[in-house]
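Next come the chains, spelled out residue by residue.
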Amino acid sequence: MSLPPEKASELKQLIHQQLSKMDVHGRIREILAETIREELAPDQQQLSTEDLIKALRRRGIIDDVMKELNFVTDNVDQEIPHSPKQPVCFTDRQSTLLKKNFHDGFLLEVHRENLGDGTRMADSTTMLSISDPIHMVLIKTDIFGETTLVASYFLEWRSVLGSENGVTNLTVELMGVGTESKVSVGILNIKLEMYPSLSQTLSPEVVNTQLALERQKTAEKERLFLVYAKQWWREYLQIRPSHNSRLVKIFAQDENGINRPVCSYVKPLRAGRLLDTPRQAARFVNVLGYERAPVIGGGGKQEQWCTLLAFLCRNKGDCEDHANLLCSLLLGYGLEAFVCVGTKAKGVPHAWVMTCGTDGTITFWESLTGHRYIHKSNNTDEPPVAEQPKPLYPYRTIGCVFNHQMFLGNCQPSDSVETCVFDLNDESKWKPMSEEAIKSVCAPGATTSLPPFPPLCASTIDASVTSNEIEMQLRLLVSEHRKDLGLTTVWEDQLSYLLSPALASYEFERTTSISAGNEEFQDAIRRAVPDGHTFKGFPIHFVYRNARRAFATCLRSPFCEEIICCRGDQVRLAVRVRVFTYPESACAVWIMFACKYRSVL
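Scoring rules and cut-offs
Residues numbered from 1 in each chain as written. Predicted model: local features only at pLDDT ≥ 70, side-chain atom pairs only at ≥ 80, totals over all residues. Heavy atoms only, no water. UniProt positions renumbered as here; feature names shortened; annotations may be inferred. Core = buried A, V, L, I, M, F, W, Y, C linked by side-chain atoms within 4.5 Å. Buried < 20%, exposed > 50% of the residue type's maximum accessible area, 1.4 Å probe, protein only. Helix = DSSP H or I, 4+ residues; strand = E, 2+ residues; numbered from the N terminus. Contact = heavy atoms within 4.5 Å. Pairing = 2+ DSSP bridges. Polar contact = N/O pair within 3.5 Å; in protein donor to acceptor, adjacent residues only side chain to side chain. Axes fitted to C-alpha atoms, helices over the stretch in contact; angles between N-to-C directions. Parallel < 35°, antiparallel > 145°, perpendicular 65-115°, else oblique. Left-handed = near helix turned anticlockwise from the far one by under 90°. Nonpolar A, V, L, I, M, F, W, Y, C, P; charged D, E, K, R; others polar. Disulfide = S-S within 2.5 Å. Expected span 1.5 Å × (residues − 1).

- You'll find the chain entered in an unreviewed UniProt entry as Centrosomal protein of 76 kDa, with Pipistrellus kuhlii given as the organism.
- The UniProt entry for the chain carries the following comment under Function (unreviewed entry): "Centrosomal protein involved in regulation of centriole duplication. Required to limit centriole duplication to once per cell cycle by preventing centriole reduplication."

Right, here's the structure in full:
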């Protein structure tokens, strides 16, 4: 079937735009510069078309691009399941990339946190008092699975309460994020409808008056808090002028460039049955990707603290995003948790989490790695009885700690973590903010601009199926790599299976800090490797599911390359993949390459 000339021209333009957005040419240049140069003979200086096509096909680039361009029949249906977060998470492909309308419906439950009359629906007046907005996040996903936050918008939905028949149409302009928060990214047409239909609607004047009063009340609360924060800061500097150089963070900009009190980024968050322990929660936060906010030009780090929905939808963020989420989860488990703002080695700004035990034990939680450290203060006023061991934690200074109810500035003579005393009730060491002032702008329902935290969503990844798929892809990649080197490949399924306990043990140790199961694994390997043979294994951990990317990373390790390219007598290869799933479709991917061969020495 042929297309009309005008349709063919439009299709070519769409493909060109898609390739430009994906920066396919740049990615091809990077991969070719890294790989083809190694595969050519030293005397061959030019690349033929056949060389290029062969290399691109072998690395799956052509297949990935073709899959991405197949948007007319596949993408519209396939993108939605990858955004299970409620309220709403859109992807850029349906709205702006395809140049067509985004037609889909979402059923959002409107409810209060407190218990009500379960025998009847709330009336219009009751719903008008529910001020939580609908938070919409726009995410772009490229062919390599990398996500980019495009827009974040808070929709005021209550205008539907004053519309005829409980139906209204809105047009909203979506703005960019971070440094592009003043740049428009597109227009979204929204139809709102109440189900079941309202028995009685309100007049538009009543709805508009209520919204105007709420905005006025919110503005006054924020103004009063700002006045109080300025006074608190002046008092803090009067204690010691050097406090001006400490990292005392009272406000932080969100993805839309709006200054919010840092306490509003933390709220107790319960994971339901998705995470069983605080340490498992720390592991979940750890496997979410780390990415610093992009900076245009020089001048240091770009400020951007993401709201929780934006962070979870893109599955990656900066250290502050990880720390806020981990602190919220630990608060949900009933722990006394705080986000700490300070510096690491070389004075790099950093955020981590601290919990205070009932026995006074102070524990630091590194949200980017999942590691825990027990803090023991070195009192500089007393002569040391013995030489103190160097602390294991990477933190250097601390300026303030906070959670959803408290904010305390460090006013000790030194802001060194090593000598800091974490008696938060001692106002000579920690200057507190008024809890009432914090509650006025950070408590649930205090302002219309702060939505409640969304619940965590269960993983949509089938761990067994995904593990098998990645393992089969890695086997193919290893066989092709060895074939290019003139080597044959013989896989031993039993040896591959014996690697599973080790991978499970590694993940268990990452989650609990307890090593278990290695004895059985080592005994099984000894029985599987005959006398006179040598066994080598190489485990590695990833937080993504791209087999080609993982294989390329593994080859950079000389030890792993030695296993994959093993030469000798009776060489048998093995590879095992275990995917451990976590909420929000985050995952920990463990891979182990192994080989056994007959020793010739």
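### Looking at the nonpolar core
Nonpolar side chains tend toward joint burial in soluble globular proteins.
Then, in step 1: Judged by nonpolar contacts, the single largest core of 74 residues is most densely connected at Phe284, Leu325, Leu329, Phe402 and Phe407.
Then, in step 2: Here this core gets eight residues from one element, more than from any other, and that element is helix 11 (residues 319-332).
Then, in step 3: Formed by 29 residues, the second largest nonpolar core is a distinct cluster that contains Leu474, Leu477, Cys565 and Val577.

### A few points about the side chain of Ser496
Then, in step 1: Among the structural elements, Ser496 can be located in helix 14 (residues 493-498).
Then, in step 2: Given the relative accessible area of 1%, Ser496 is considered buried.
Then, in step 3: Residue contacts for Ser496: discarding those within four places in its chain leaves Arg475, Ala574, Val575 and Arg576.

### Some points on the pairing of strand 10 (residues 337-344)
Then, in step 1: The element strand 10 is largely enclosed, with a buried count of seven among its eight residues.
Then, in step 2: When strand 10 meets strand 11 (residues 349-356), the two strands line up antiparallel, connected through seven bridges. Bridge assignment links Val339 to a residue of strand 11, and that residue is Val353.
Then, in step 3: Hairpin connection between strand 10 and strand 11: a loop of four residues separates the two successive antiparallel strands, and Lys346 in this loop has a positive phi of roughly 65 degrees.
Then, in step 4: Sheet analysis places strand 10 next to strand 14 (residues 395-402), joined by six bridges and oriented antiparallel. Its bridge partner lying in strand 14, Thr343 is registered against Thr397.

### Overview of the environment of His541
Then, in step 1: Residue position: His541 is located in strand 17 (residues 533-542).
Then, in step 2: Taking relative accessible area as the criterion, His541 reaches 21% and is therefore assigned partly exposed.
Then, in step 3: Each C-alpha atom of the pair His541 and Glu507 lies 9.2 Å from the other, and the pair is 34 residues apart in sequence.
Then, in step 4: A distance of 2.9 Å separates polar atoms of two side chains, one belonging to His541 and the other to Arg283.

### Some details on the packing of helix 9 (residues 278-287) against helix 11
Then, in step 1: Where helix 9 contacts helix 11, the two axes come as close as 10 Å, and the packing angle between them is 160 degrees. In this view, helix 9 runs roughly antiparallel relative to helix 11, as classed from their interaxial angle. Judged by the sense of rotation from one axis to the other, the crossing of helix 9 with helix 11 is right-handed. Residues Pro278, Ala281, Ala282, Phe284 and Val285 of helix 9 form the contact with helix 11, whose own contacting residues are His322, Leu325, Leu326, Leu329 and Leu330.
Then, in step 2: Counted by class, the contact of helix 9 with helix 11 contains nine nonpolar, one polar and no charged residues.

### Considerations on the state of the cysteines
Chemically, a disulfide is nothing more than a covalent bond linking the sulfur atoms of two cysteines.
Then, in step 1: In the structure shown here, the tally under the stated rule is zero disulfides.
Then, in step 2: Cysteine Cys420 is unpaired, with the sulfur of Cys340 as its nearest cysteine sulfur at 8.9 Å.
Then, in step 3: With a relative accessible area of 1%, Cys420 lands in the buried category.

### With respect to helix 13 (residues 463-484)
Then, in step 1: Taking 1.5 Å of rise per residue, 22 residues should cover 32 Å, and helix 13 covers 32 Å from first to last C-alpha, within 8% of that figure.
Then, in step 2: The complete set of buried residues in helix 13 reads Thr466, Ser467, Ile470, Glu471, Leu474, Arg475, Leu477, Val478 and Arg482.
Then, in step 3: A distance of 3.1 Å separates the backbone nitrogen of Ser464 from a side-chain oxygen at the start of helix 13, and that oxygen is part of Asp462.
Then, in step 4: Residue Gly486 follows helix 13 closely and has a positive phi angle near 80 degrees.

### Overview of the pairing of strand 18 (residues 569-581)
Then, in step 1: Bridging between strand 18 and strand 19 (residues 587-598) involves 11 bridges; their strand directions are antiparallel. The partner of Asp569 across the bridge, within strand 19, is Arg598.
Then, in step 2: What sits between the antiparallel neighbours strand 18 and strand 19 is a turn of five residues, in which Glu584 has the positive phi angle 60 degrees.

### A closer look at the sheet that holds strand 11
Then, in step 1: Ordered by their spatial adjacency, seven strands build an open sheet running 13-12-11-10-14-15-16, and the pairing between neighbours is antiparallel. Of all the strands in the sheet, the pair left with one neighbour each is strand 13 (372-375) and strand 16 (430-432). Here the strands of the sheet are splayed against their neighbours by 35 degrees on average, with no regard to which way each runs.

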